Amino acid sequence: MMSEVTSDRTPLLQDEAQEPVVAGTNVGAAALSESQQREARKRSIVSVLLTFLFIAAVVVSFTVWNESLSRDPHKAALSILEKAPVIDGHIDLPWLVRAFYRNNVTAVDLRNEMPGHVDIPRLRKGRVGGFFWSVYTSCQPDGPDFMTPMSSARDTLEQIDVARLMIDKYNDVFQLATDVTGLQKAIANGKIASMLGVEGGHQLENSIGALRAYHALGVRYLTLTHSCHNAFADSAGILVSPKPKHGGLSLLGRSLVRELNRLGILVDLSHTADSTALQALALSEAPVIWSHSSARAVWDVPRNLPDYILRQIGLEKGQKDAVVMVNFAPQFVAADGNATLQAVADHVEHIGAVSGRKHVGLGSDFDGIGSVPRGLEDVSKYPDLFAELRSRGWSKADLVGLAGGNLIRVWKGVEAVALRMQSEGVQPAYDIYDKREDM
């Protein structure tokens, strides 16, 4: 993003404008000749003029990009996304590879049309600069205390493996990113930044140690729950909320949140019960995300965020910095048959109105949903959504934030907290689930 010209240049300008100090006529001091003084004044004037010209050029450059956007919303959207491409918070491409190809990466051809919503030509057409590859495994009945072995950790390792193999296979297109700097470098290199996110605490199989292993493999967000409760936290379910188990976070879940902060892994609150989300917001020292969630006031399902939680998000005292990345799954957007691009834009606008436009992003859930909104059929359609919002009055700055700027700010905040905690010597969490009998 282009930064604004700020007033911190003023002192520099004042220093440049000062006349050079001329030696006095004290005994033993050599006075400057009249010609030397004229030359010094000339150099000072030239320096001031050059400084003014530089600042004017920066202002003009910023103003031209800001004001030269086409009046046509679609052309304006493409212009914005050319400089600030989309960073999607949640794409289930690894799950599609598992479901369709049994994780046989050699059988996958991303350079041509894939059976789902994502392939390289459509990513390029959609002006995608990065996305989180969701390394998801489904919830399975694991008993009242979550102690029935379900191979979730094994399957998660396989999904991390297949995502990394795909990134490596198409390394002319994708570049693994494990921090903000890596994300920005990938985009600067013309690559699609590729981050990994684990979509459910059940995939830890009750072990905080498993989290550290996933982190070492490149995972940079953890969704605290999927559609099922787990040993760490309560879930919102999908269309109907299950009966609470912990009343939000368990004691182990509280330790998990602190360990996520220490490691610099984004706390993802999509899928979580309202109680879990509120407690995690209060407990986390770092900003948080909802990687693929929408607004309950627009469409009333448990998976969406209520306004009283949206009002907890912000940059003011008593609020927590966060980004809510809007989900495209039709059942979370509108009534059957009514999910459209315009309805998705309604969710974006509502979150922007309640939490602020600095706190909204996109988390499509592409390749993980069985149907799509009309007008948002695949990853090539992002510019159409930006055009719709542009036609509703969203500014360039608003749309740059939506595309990925808001996520980047939040992630930087997470990294800053992790750096502080590690520099303070905060120790890893060694808590063991109290239902385990092997330790």
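Structural notes, computed from the coordinates. In this text the structure is predicted, and so the values were computed from the model without any measurement.

Thresholds, definitions, all that
- Residues numbered from 1 in each chain as written.
- Predicted model: local features only at pLDDT ≥ 70, side-chain atom pairs only at ≥ 80, totals over all residues.
- Heavy atoms only, no water.
- Disulfide = S-S within 2.5 Å.
- Helix = DSSP H or I, 4+ residues; strand = E, 2+ residues; numbered from the N terminus.
- Buried < 20%, exposed > 50% of the residue type's maximum accessible area, 1.4 Å probe, protein only.
- Contact = heavy atoms within 4.5 Å.
- Salt bridge = Lys/Arg side-chain N within 4 Å of Asp/Glu carboxyl O.

A look at the state of the cysteines
All told, the structure shown has 1 disulfide when counted by the stated rule. There is a disulfide in this structure between Cys139 and Cys228, and the S-S distance comes to 2.0 Å. Classification of the bridge connecting Cys139 and Cys228 rests on its S-S torsion, roughly -70°, and on that basis the disulfide is left-handed. Taken together, the residues span a long stretch of sequence, with Cys139 in the loop between β2 (128–135) and α6 (152–169) and Cys228 in the loop between β5 (219–223) and α9 (251–263) at a distance of 89 residues. By the burial criterion, Cys139 is buried, and Cys228 matches it.

Examining the side chain of Ser294
Here Ser294 lies in the loop between β7 (288–290) and α11 (307–310). Not counting residues within four places of it along the chain, the set of residues in contact with Ser294 comprises Asn304, Leu305, Val326, Asn327, Phe332, His347 and Ile351.

Here we look at the pattern of salt bridges
Following the criterion strictly, the structure yields 20 salt bridges and no others. Close ionic contact of Glu158 with Arg98 constitutes a salt bridge, the shortest N to O distance being 3.1 Å. Of the two residues, Glu158 sits in helix α6 while Arg98 sits in helix α4 (residues 93–101), which places them 60 residues apart along the sequence. Of the residues examined, Glu158 reaches a relative accessible area of 32% and is grouped as partly exposed. Of the residues examined, Arg98 reaches a relative accessible area of 21% and is grouped as partly exposed. In this structure, the salt-bridge partner of Arg392 is Asp346, at a minimum N-O distance of 2.8 Å. With Arg392 in the loop between α13 (382–391) and α14 (396–423) and Asp346 in helix α12 (residues 341–354), this residue pair connects regions lying 46 residues apart in the sequence. Residue Asp346 is classed as partly exposed on the basis of its relative accessible area of 35%. Put simply, Asp346, Glu349, Arg357, Glu388, Arg392 and Asp398 are held in one network by salt bridges that share partners.

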